[in-house]
Each structure stands twice: as structure tokens, then as C-alpha cells.
Amino acid sequence: MEERLQKLLSAAGVCSRRTAETYLIARRVTVNGQTAHLGQRADPDRDEILVDGRPLAPRAEAVYILLNKPRGYVSTLSDERGRRTVAELVADCGSRVYPVGRLDLDSEGLLLLTNDGLLAHRLLAPRSHVDKVYYARVEGTLEPADAAAFAAGMTLGDGLECLPAGLEILSPGECLVTLREGKFHQVKRMLAARGKPVLYLKRVRMGNLPLDPALEPGTYRYLTEDEVESCLLYTSDAADE
Ligand code: URA
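Rules and cut-offs
- Residues numbered from 1 in each chain as written.
- Predicted model: local features only at pLDDT ≥ 70, side-chain atom pairs only at ≥ 80, totals over all residues.
- Heavy atoms only, no water.
- Near = heavy atom within 4 Å.
- Polar contact = N/O pair within 3.5 Å; in protein donor to acceptor, adjacent residues only side chain to side chain.
- Areas by Shrake-Rupley, 256 points an atom, 1.4 Å probe, with all protein chains shown as cover.
- Helix = DSSP H or I, 4+ residues; strand = E, 2+ residues; numbered from the N terminus.
- Buried < 20%, exposed > 50% of the residue type's maximum accessible area, 1.4 Å probe, protein only.
- Contact = heavy atoms within 4.5 Å.
- Salt bridge = Lys/Arg side-chain N within 4 Å of Asp/Glu carboxyl O.
- Disulfide = S-S within 2.5 Å.
- Core = buried A, V, L, I, M, F, W, Y, C linked by side-chain atoms within 4.5 Å.
- Phe/Tyr/Trp six-rings, centres within 6.5 Å; stacked < 30°, edge-to-face > 60°.
- Lys NZ or Arg CZ within 6 Å of the ring centre and 35° of its normal.
- Pairing = 2+ DSSP bridges.

Peer 1: Would you mind going over the site of the ligand with me for this structure?
Peer 2: Surrounding the ligand, one finds L103, D104, S107, Y134, H185, Q186, V187, K188 and L201. Taking V187, its main chain carries an N or O atom lying 3.2 Å from a nitrogen atom of the ligand. The contact in question runs from an oxygen atom of the ligand to an N or O atom on the backbone of K188, over 3.0 Å. Burial of the ligand by the protein chains amounts to 95% of its free accessible area of 240 Å². In terms of residues, the shell around the ligand owes the most to one element, helix α6 (residues 186-193), which gives 3 residues.

Peer 1: In this structure, what is going on with unusual backbone geometry? I would like to understand it.
Peer 2: Glycine aside, residues mostly have negative phi, and peptide bonds are mostly found in the trans state. Phi at D52 is positive, roughly 50°, even though this residue is not glycine. Secondary-structure assignment places D52 in the loop between β5 (49-51) and β6 (54-55). We note that H185 has phi near 55°; this positive angle belongs to a residue other than glycine. Summarising the element assignment, H185 is placed in the loop between β12 (174-179) and α6. Overall, H185 belongs to the partly exposed group, its relative accessible area being 30%.

Peer 1: Is there a simple way to explain the environment of L50 in this structure?
Peer 2: Looking at where L50 falls in the secondary structure, it is placed in strand β5. Measuring from C-alpha to C-alpha, the distance between L50 and L170 comes to 50 Å, with 120 residues separating the pair along the chain. If we skip the residues at most four places from it in the chain, L50 touches R28, V29, T30 and P55.

Peer 1: Help me out: how do you make sense of the pattern of salt bridges in this one?
Peer 2: Pairs can form between side chains of opposite charge whenever their charged atoms are close. The full count for this structure, using the stated rule, is 16 salt bridges. In this structure, D146 engages K196 in a salt bridge whose closest nitrogen and oxygen atoms are separated by 2.7 Å. Of this pair, D146 sits in helix α5 (residues 144-152) while K196 sits in the loop between α6 and β13 (198-206), placing them 50 residues apart in sequence. D146 gets classed as buried once you look at its relative accessible area, which sits at 1%. Taking the relative accessible area as the measure of exposure, K196 reaches 8% and is therefore buried.

Peer 1: Before we go on, may I ask you to explain the state of the cysteines in this structure?
Peer 2: Any covalent bond linking the sulfur atoms of two cysteines counts as a disulfide. In this structure the tally under the stated criterion is 0 disulfides. Left unpaired, C162 is separated from the closest cysteine sulfur, that of C175, by 14 Å. Judged by its relative accessible area of 7%, C162 falls in the buried class.

Peer 1: What should I look at first to understand the nonpolar core in this one?
Peer 2: A general feature of soluble globular proteins is that nonpolar side chains tend to end up buried together. Membership of the largest hydrophobic core comes to 31 residues, with the highest contact counts inside it found for F150, M190 and L191. When contributions to this core are tallied by element, the ones reaching two or more residues are β7 (64-69), α3 (86-89), β9 (108-114), β10 (132-138), α5, β12 and α6. Beyond its immediate chain neighbours, meaning those up to four positions away, L191 contacts A136, V138, L142, F150, L167, C175, V177, K196, P197 and V198. Counting residues in hydrophobic clusters, the runner-up holds 17 residues, among them L66, L123, M206 and V228.

Peer 1: Please clarify how the packing of aromatic side chains should be interpreted in this entry.
Peer 2: To describe a pair of aromatic rings, you give the distance between the ring centres and the angle between the ring planes. By the definition in use, this model includes 2 aromatic pairs. Residues Y135 and Y200 carry aromatic rings whose centres are separated by 6.0 Å and whose planes lie at 65° to one another, so their mutual orientation is edge-to-face. A residue pair is termed long-range when its members are at least 10 positions apart, and Y135 in strand β10 and Y200 in strand β13 qualify at 65 residues. Note on Y135: relative accessible area 14%, which makes it buried. Assessed through its relative accessible area of 12%, Y200 is described here as buried. With centroids separated by 5.8 Å and ring planes inclined at 90°, the aromatic side chains of Y220 and Y222 adopt a geometry described as edge-to-face. Judged by its relative accessible area of 42%, Y222 is partly exposed. One Lys or Arg, R28, reaches over the ring of Y23 and ends 3.9 Å from the middle of that ring.

Peer 1: Whenever I open this one, the sheet that holds strand β3 (residues 34-35) confuses me. Can you help?
Peer 2: Within the open sheet, the 4 strands sit side by side as β3-β2-β5-β6. Their pairing is antiparallel. Edge positions in the sheet fall to β3 and β6, since each has one partner strand and no second.

Structure (C-alpha cells):
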């Protein structure tokens, strides 16, 4: 079926629709050997579509999984210590998908798994600064001074420098933390540095993708095409610079 080239490029994980327009204007796309133009349509089953001389990967190969990771699973495909892995939870998807970033063994929540290296790179690239939002329950009482310290950017005792982060107090022992980076145990270390050790941690959003409340821990669903497209769009500006 014929579709606009912008849509085909984005569906193949090459770039967002908006970025595809710039590719077309820059004459980087050809259809059957001819330079393509903005607004042109093509049929990926019939036409040869090349970007910078390279063919699009077949759409069917790209798999995007939204998993609600339960506690007790490591965010890797295998574990030399024999612990349970998130790969076991998505084994029936039939594709080799990789976790996009990590959650600690005892953390829960949103974990994206995909075989689309471009989207994974865009979500994780430090300069993309994709927001990650965590719900945390802590020991002790959260105070406005904690939020101010997060907003100012903290340097932890071990010298770890943290970018300014968000801390929204929901109740004396509960908060939402928003990070624009993903350093090892970062939420736990930042809250511990404020004297509020984390008791429970769950990622509830990554970029513009929320954790689906219908997903029980340990279950997953596939992203919709609109979700994939909107993730690519959300991350394209910074990552394409
Ligand atoms: N920060 C943490 O401390 N742990 C996680 O799993 C994710 C972010």
C-alpha cells in the first residue's frame, strides 16, 4: 500500500516524520533510483526506498515492548549469577529485544525493550536528556529543602555530580522524582544523601511514555504505532543535532 515517505521512514525507525521532511528536502531519499520529493508516496513492498543509499529495514522487524518490571528481576538478557532476568518475562514475544536502560533488581515499573537501536540510542543518549519519572517511598519526612536541593543540582559524597532534578512531594514519605540522566542507583543515592533512604522505587514515565496502569507487574504489551512515532518525535530534536 502506498504511504507518504515521511510516514514510511518513521515507521521503519529511521527518524521522526518531521525529520524525514528535512531528509527529503536535502535530497537524501530515493525511490527506485530517483530523488524523492516532499509529499511523495511509495509502496514499501514494491518500491526500492533508500536513505543515504541504504534500504529501509522491513517494518516487521521492529519490536517495541512496554514491560512493567517486577522486583526480583535483573534488567539484562542473561545473568552470570543465575538471577531471573527481564528476558524471561518477554520470551514469548519471539524477538531478541534489549532493555532500554536499567532498573535495579528491587525497582519496579516501566522498562522498554526493543530491537530498534535507533530509538534506544535516542532515549539513552546523554544529550537527549529524556525525562525519567520515578515514584519513591522513603524513610523519614520529605521537606521543601529536599526539593530545593534536587532543583539546584547535587554533588554526592562520592563526588557524583547530578544535574538539576525534580522532586515533587506527594506526602511526607512519598515523592515523584524527575531525572534528565540515568546514573547508577541515582534516585536512591540522591535521596539517601538527603537522609531519606528509599524503601520502594517504581519508574512511572520515560520521555512521553507513561507506565500503562493496566499492566500488572511482570506483564507487557506492544507499543502502538502512534506511541513509537511520538517517542521518535519526542527524542529526535536533541539526538539528531
Ligand atoms: N535510580 C535508582 O536508584 N534505581 C533505579 O532502578 C532507577 C533509578
